[in-house]
Amino acid sequence: MANKVRRSAALILVLGFLLTLVFSFPADAAIISNAGTYKAVLADYDNCLTSSQEADILVRMEKAAQNTKSHIGIVITANLDGYDDEGYAEAFGHEYFGNDQFIVLMLLNTHGNPAYRNYTDVIHSYDSFDDKFYGKHKKLFNALYRGLEKSDGSYDFYDGCKRYIAAVNIQGGTGSQAFMARLADYILNHIFEIMFGLIFAFILSFCIVAGTAKGYKRKKPISASVYLDGGRTRITRQVDTFIREYTTSYTTSSSSGGHGGGGHHSGGHSSHGHHR
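Small disclaimer: the values here were computed from a predicted structure and weren't measured.

With that settled, the discussion passes to the packing of aromatic side chains. Counting across every chain of the model gives 7 aromatic pairs. Each ring, one from F92 and one from Y96, has its centre 4.8 Å from the other, and the planes form 50°; the classification is tilted. With a gap of 4 residues between them, F92 and Y96 both fall in helix 3 (residues 85-97), about one helical turn apart. Each member of the pair, F92 together with Y96, is buried. On the basis of an interplanar angle of 35° and a centroid distance of 5.7 Å, the ring pair of F97 and F102 is categorised as tilted. Residue classification places F97 among the buried residues on the basis of a relative accessible area of 4%.

Written out as structure tokens, the structure is:
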């Protein structure tokens, strides 16, 4: 009986170990930074970055993590390990960051694998209270692809990741510098709408001022004689003569005396990018 229990326990341990290997991410390929309160994790499972590029990106991620007060993860992979694209990005985040606030970019290199023909890059952000990146994933993807996808059809993962991290800093950062960066980003992305609005406002103001000025026409002065009845009114000239009069007073002493006076979320969100 005791031998059966021991064999069962050993079998459970082996199965548990095998499940851990299948459903966990290879930690030896992930670079983890704990330089501050918030972590940065970079995992290039598809060897798309050089060692020096990885080191530079990790430094940028560290700064962005502290600035946005969020854990940041980037994973580049060609194998989803049984997950779908959203599930992989979410599982990666919870694997390294638990249930703290985080944002994970998963870049999927399908290499023509038909099993992944319907899967894309994914950004997954999570916060149990308030997801500060919710609604901003599209802007992050736009920044990513401006650097990642080149005109000749090639991919530059280093440039793409740098631009993505800069966008994370802008969209999730705190302080006046991040606010000004978001303002500049808004103006840049809405320049045509802003110019149209300014031109329309100028034309409208000009029309209002011109219309108001048109209502104020110069009128010919009217003589006071128009309002007078010449037959009944007679004006006579009268001259007043003023006579200057000077008065000089003197104070005299008197023994009779005188008078004085005075006196003051929950849950996570995923967004899909391009298929590669």
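This part covers the side chain of S33. Along the chain, S33 turns up in strand 1 (residues 30-33). A polar side-chain atom of S33 sits 2.4 Å from a polar atom in the side chain of E62. Those residues in contact with S33, other than ones at most four positions away along the chain, are K39, A40, L58 and E62.

To continue, consider the pattern of salt bridges. This model, assessed by the stated rule, comprises 3 salt bridges. One salt bridge connects K150 with D159, and the closest N-O pair in it is separated by 3.0 Å. For the salt bridge of R163 with D159, the shortest nitrogen-to-oxygen distance reads 3.3 Å. With R163 and D159 both in helix 5 (residues 157-172), this residue pair falls 4 residues apart, about one helical turn. You can call R163 partly exposed: its relative accessible area is 38%.

Time to look at the pairing of strand 4 (residues 102-108). The buried fraction of strand 4 is high, at 7 of 7 residues. What you see with strand 4 is no split at all: F102, V104, M106 and L108 on one side and I103, L105 and L107 on the other are buried throughout. In terms of handedness, the path from strand 3 (residues 71-77) via helix 3 over to strand 4 forms a crossover that is right-handed. In this structure, strand 4 lies alongside strand 5 (residues 122-126), joined through 5 bridges in antiparallel fashion. Bridge pairing links F102 to Y126 in strand 5.

One can describe the packing of helix 4 (residues 137-148) onto helix 5 by two numbers: an axis separation of 7 Å at closest approach and a directional angle of 155°. As the angle between them shows, helix 4 and helix 5 are arranged roughly antiparallel. When the axes of helix 4 and helix 5 are compared, the crossing they make is right-handed. Two secondary-structure elements touch here, helix 4 through K139, L140, A143, L144, R146, G147 and L148 and helix 5 through F157, D159, G160, C161, R163, Y164, A167, V168 and Q171. Among the residues making up the contact of helix 4 with helix 5, the classes are represented as 9 nonpolar, 3 polar and 4 charged.

If you walk across this open sheet you meet the 6 strands as 1-2-3-4-5-6, and the pairing is mixed. Bordering the open sheet on either side are strand 1 and strand 6 (268-272), each of which pairs with just one other strand. Within the sheet, the average angular offset between the axes of one strand and its neighbour, ignoring direction, is 10°. Of the pairings in the sheet, the one linking strand 1 to strand 2 (residues 40-44) comprises 4 bridges and is antiparallel in character. Each bridged residue has a counterpart across the sheet, and for I32 the counterpart in strand 2 is V41. Contacts between helix 2 (residues 51-68) and the sheet are confined to strand 1, strand 2 and strand 3, with strand 2 contributing the most and set at about 150° to the helix.

This paragraph deals with helix 4. An ideal rise of 1.5 Å per residue puts 16 Å on 12 residues; helix 4 measures up with 16 Å between its terminal C-alpha atoms. For helix 4, the complete set of buried residues consists of H137, L140, F141, A143, L144, Y145, G147 and L148. Buried-residue contacts for helix 4 involve strand 4, strand 5, helix 5 and strand 6.

Here we take up unusual backbone geometry. Here N47, not a glycine, exhibits a phi torsion of approximately 55°, which is positive. By the secondary structure assignment, N47 is in the loop between strand 2 and helix 2. For H111, which is not glycine, the phi dihedral falls at a positive 50°. Looking at the secondary structure, you find H111 in the loop between strand 4 and strand 5. Judged by its relative accessible area of 60%, H111 is exposed.

Cut-offs and rules
- Position numbers for residues count from 1 along each chain, tracking the sequence in the order it is written.
- Whole-chain, interface and lining totals are the exception, using all residues; otherwise, since this is a predicted model, local features are given only for residues with pLDDT of at least 70 and side-chain atom pairs are given and counted only at 80 or more.
- Hydrogens and water are ignored here; the side-chain numbers use all heavy atoms of the structure.
- Pairs were defined over the aromatic rings of Phe, Tyr and Trp, the Trp ring being its six-membered one, requiring ring centres within 6.5 Å. Orientation was assigned from the angle between planes: stacked under 30 degrees, edge-to-face over 60, tilted for the rest.
- Helix and strand definitions here come from DSSP, where helices need a minimum of 4 consecutive H or I residues and strands a minimum of 2 consecutive E residues; each element is numbered from the N-terminal end.
- Each residue's exposure class comes from its accessible area (1.4 Å probe, protein chains only) as a fraction of the maximum for that residue type: buried when under 20%, exposed when over 50%, partly exposed otherwise.
- The term polar contact refers here to a pair of N or O atoms within 3.5 Å; inside protein, the definition further demands a hydrogen-donor-capable atom paired with an acceptor-capable atom, and it admits residues adjacent in sequence only when both atoms are side-chain atoms.
- Residues are treated as being in contact if the distance between any of their heavy atoms lies within 4.5 Å.
- Note on definitions: salt bridges are taken to be side-chain nitrogens of Lys or Arg within 4 Å of carboxyl oxygens of Asp or Glu.
- The crossover handedness rule: strands pointing away from the viewer, path from first strand over the helix to second strand clockwise, crossover right-handed.
- Paired strands are those between which DSSP finds at least two bridges.
- Note on geometry: axes are C-alpha line fits, over the in-contact stretch for helices, and angles between N-to-C directions span 0 to 180 degrees.
- Relative orientations are named as follows: roughly parallel for angles under 35 degrees, roughly antiparallel for angles over 145 degrees, roughly perpendicular for angles from 65 to 115 degrees, and oblique for any other angle.
- When the near helix sits turned anticlockwise from the far one by under a right angle, the crossing is termed left-handed; a clockwise turn instead gives a right-handed crossing.
- Each residue gets one label: Ala, Val, Leu, Ile, Met, Phe, Trp, Tyr, Cys and Pro are nonpolar, Asp, Glu, Lys and Arg are charged, and the others, such as Gly, are polar.
- Every helix has an expected span of 1.5 Å times one less than the residues it contains.

Taken by themselves, the reported measurements are silent on function.
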